[in-house]
Amino acid sequence: MSALPEYELHAYVDGQLDAARVQEIEAWLMDHPEVRRQVHGWQNQNARLRAQFAGVVSEPVPDRLHPRAPMRLRYAQAAVMALLLGVGVALGWGLHVKQVSGLAALAGYAAEAHRVYAVESRHPVEVAGSDSAHLATWLSKRLGRTLRIPLLNDKGFRLVGGRVLPHQGRAAAQLMYQDPAGQRLTLLVTTQDLPVHQEQLKLVVRYGVSSYYWADDGMACAVSAALSETPLRELAQLAYDRMEEPG
Amino acid sequence: MNVSRQPVIVGVKHMSAYESLLPAHLPSLRRYARALTGNSTLADDLVQDTLERAYVKFHLWQHGSDLRKWLFAIMHNVFINQIKKPGLTLVSMDDMPDSPVHDVDPILGVDMDRALRALPHDHREVLLLIVLEGLSYDDVSELLGIPMGTVMSRLSRARERLGKLMAVDAPASTCTQGG
C-alpha cells in the first residue's frame, strides 16, 4: 500500500471504517511516522472536543425543554381547532368569517390583492413567469430571503408571473397562476417576525375570494382564488409543501 | 418538502409518540447546540425552537427512521435561519462570555471554545456532528444536504484550522493572544 487518501485517514480517526480496514491502516501508519503524527493530532483534537462538552449530557434538562407539546403550541392548536369548528359553523350558516389575528388580516389583504389583480387581462403581473429563475431571484431580493416559487402545473395552474406589493412597510410578493379555463389563483408571500408557526392551513373568505393562509419560517403566505374550499385547500397545501425547505 | 400531504390536525396519538420518543435525544441535542453556539442560553433557545418545530412537523417523521438524524436536520435549518436573520445573529463568544463547561480544565476549555468559534459555522457543524455526535459521513451529507466531497473538505479544513488555533494557544507559545 503506497499512499492513503486523506479521507481514509479522517474516516479512520472518526471510527467510520470496518475492523479489517482499521488493521490495514494501522499497519500502514507504523511505517509512516509523519502521517501518524498528524493522525494522532486529530485524535487528540477529537478527545479534547468530546471532553469539553461531555458534561452537558449529564446536566439536568431545563424544564422548558421537556418534550411535552410546547405550551404555546397547545394553545395555538386548541385555537386552530376552535377556529376550524367556528369556520365550519359560520360557513354553514352563511355568515362572514370574522378575522381575529394579524394573520387573518394578512389573508384578507391577500384576498383584496387577488381581487384587484386577478381581473387584469393585459397586465396581471410585473414580471412574467416564463423566466421563473429571474422572477425568483428578483422576488427573493425584494423579500430579503430565498423564495422558492412553487409550480402547480400538474394541477393545471401555470405560473403567469409575479409582482411586488407593499405590505406593512415591507415588500410582499404576489405570484399569479392560471388554469386553461382562465381561472386565476394567487399566492401572496410576506415576511414578518411571527411569534408562532402556524403550519395548519386556515381559511378566510373575503370579497368573494377564499384564501388559505399559514405562517412558517418567518414567512406568512396565503393562497387565494374564487374556488371552492376543497380544491383550493389542496392547491394551498401543495404550494406550502413545495415552498418548504427540506428537513 | 415534496411529499404531498393533507393538512394535519395534530392528534393525541401523535402527541404521545412525540412525548415518549423525544426525551432520549435531548442530551445529545443540547450538547450539539452548546458546542455550536458556544453559549448555554443560546443553545437551549436553539433546542427549544428545534423541539417546537419538530413537534409541529412530527407527522412528517417516518416512524422507524433515525429520529436523531431528523432532529439534527431540523436544528440545522433553525440554526441557519437564525444566523441569516439580521438582528438575531448569534453573538460571538467575545460578546457574551459564558462559563466553561464544568469538569474540564478551564484553560483548556476556553481555548477549545474560542477555537471552535473561529471556524466558519458550516465547518463547525460538520466537525461537531461527526466528532461530538458520532454521525456517519453519509448521515451528515444527507442531513446538511451537501455532497460527500463537501463534507470531507469541510471536515479537513475544520481540523486544520482548529489544529492551528490550538497550537497558537498552547502554553508553550510565546505569542500574546490576539483574539
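The rules behind each value
- Residues numbered from 1 in each chain as written.
- Chains lettered and ligands numbered in written order.
- Predicted model: local features only at pLDDT ≥ 70, side-chain atom pairs only at ≥ 80, totals over all residues.
- Helix = DSSP H or I, 4+ residues; strand = E, 2+ residues; numbered from the N terminus.
- Contact = placed C-beta atoms within 7 Å.
- pLDDT = per-residue confidence, 0-100.
- Pairing = 2+ DSSP bridges.
- Axes fitted to C-alpha atoms, helices over the stretch in contact; angles between N-to-C directions.
- Buried ≥ 20, exposed ≤ 12 C-beta atoms within 10 Å, placed from the backbone.
- Core = buried A, V, L, I, M, F, W, Y, C linked by C-beta atoms within 7 Å.
- Left-handed = near helix turned anticlockwise from the far one by under 90°.
- Nonpolar A, V, L, I, M, F, W, Y, C, P; charged D, E, K, R; others polar.

Right, let's get into the overall build of chain A. Across its full length, chain A carries 7 helices and 7 strands. In chain A, the succession of α and β elements from N to C terminus is α-α-α-α-α-β-α-β-β-β-β-β-β-α. Here the contacts in chain A between residues at least 6 apart in sequence split such that 56% fall between residues at least 24 apart.

Parts of the prediction with low pLDDT should not have their coordinates interpreted in detail. All names here are of chain B. Looking at chain B as a whole, its pLDDT mean stands at 77, while 70% of the residues score no less than 70. Contacts of residues 1–10 to residues separated by more than four positions or lying in other chains number 20 contacts, the stretch itself having pLDDT below 50. This model gives residues 88–110 a pLDDT under 50, and the stretch forms 34 contacts once residues within four places in sequence are excluded. The ipTM, which scores confidence in the relative placement of chains, is 0.77 for this predicted complex, and the corresponding pTM is 0.53.

What follows covers the sheet that holds strand 2 (residues 158–167) of chain A. Residue and element names in this part refer to chain A. A sheet is described by the order of its strands in space; here 7 strands give the open sequence 1-2-3-4-7-6-5, paired in antiparallel fashion. The sheet terminates laterally at strand 1 (127–128) and strand 5 (198–206), the two strands that pair on one side only. Examined bridge by bridge, strand 3 (residues 170–178) and strand 4 (residues 184–191) share 6 bridges and lie antiparallel to one another. In the sheet register, Gln 174 faces strand 4, and the bridge partner there is Leu 188. Strands in contact with helix 7 (residues 229–243) are strand 4, strand 5, strand 6 (209–216) and strand 7 (219–225); relative to strand 6, the strand with the most contacts, it is inclined by about 30°.

Structurally, Asn 39 of chain B can be placed in the loop between helix 2 (26–37) and helix 3 (40–56). Residue classification places Asn 39 of chain B among the buried positions, given that 22 C-beta atoms sit within 10 Å.

Residue and element names in this part refer to chain A. Across the 8 residues of strand 6, 7 count as buried, placing the element largely inside the fold. Bridge analysis of strand 5 against strand 6 gives 6 bridges, and the strand direction is antiparallel. Of the residues in strand 6, the one forming a bridge with Val 205 is Ser 210. Remark: 2 residues form the turn of the hairpin made by strand 5 and strand 6, two consecutive strands paired antiparallel; Tyr 207 in that turn has positive phi of roughly 50°. The antiparallel hairpin formed by strand 6 and strand 7 contains 2 residues in its connecting segment, where Asp 217 sits at a positive phi of about 55°.

Before going further, it helps to spend a moment on the nonpolar core. Ala 107, Ala 110, Tyr 213, Ala 222, Val 223, Leu 235 and Ala 239 of chain A are the most contacted members of the largest nonpolar core, which totals 45 residues. Ignoring sequence-local partners within four residues, the contact set of Ala 110 of chain A consists of Leu 188, Ser 211, Tyr 213, Ala 222 and Ser 224 of chain A. Grouped together as the second largest cluster of nonpolar side chains are 42 residues, Ala 33, Leu 132, Leu 135 and Val 140 of chain B included.

So, on to the environment of His 32 of chain A. Residue and element names in this part refer to chain A. Within the secondary structure, His 32 is located in the loop between helix 2 (19–30) and helix 3 (33–53). Classification of His 32 as partly exposed rests on a count of 14 C-beta atoms within 10 Å. Put simply, His 32 and Ala 3 are 29 residues apart on the chain and 9.5 Å apart in space, counted from C-alpha to C-alpha.

Below, the discussion takes up the packing of helix 2 of chain B against helix 6 (residues 121–132) of chain B. Residue and element names in this part refer to chain B. Two elements in contact, helix 2 and helix 6, have axes whose closest approach is 10 Å; the angle formed by their N-to-C orientations is 145°. The element helix 2 and its partner helix 6 pack so that their crossing is right-handed. Residue-level contacts link Arg 31, Tyr 32, Ala 35 and Leu 36 of helix 2 to Arg 124, Glu 125, Leu 128 and Leu 132 of helix 6. Looking at the contact of helix 2 with helix 6 residue by residue, the classes come out as 5 nonpolar, no polar and 3 charged.

So, on to the environment of Leu 135 of chain A. Residue and element names in this part refer to chain A. Mapping Leu 135 onto the fold places it in helix 6 (residues 132–143). In this structure Leu 135 comes out as buried when scored by C-beta crowding, with 23 C-beta atoms within 10 Å. Sequence spacing of Leu 135 and Gly 162 is 27 residues, and the spatial spacing of their C-alpha atoms is 7.1 Å.

Moving on, we get to the pairing of strand 7 of chain A. Residue and element names in this part refer to chain A. In terms of residue burial, strand 7 counts as a mostly covered element, since 6 of its 7 residues are buried. Relative to strand 7, strand 4 runs antiparallel, the two being bridged by 7 bridges. Looking at the pairing, Leu 188 lines up with Ala 222 of strand 7. Of the pairings in the sheet, the one linking strand 6 to strand 7 comprises 7 bridges and is antiparallel in character. Following the sheet pairing, Tyr 212 is matched in strand 7 by Val 223.

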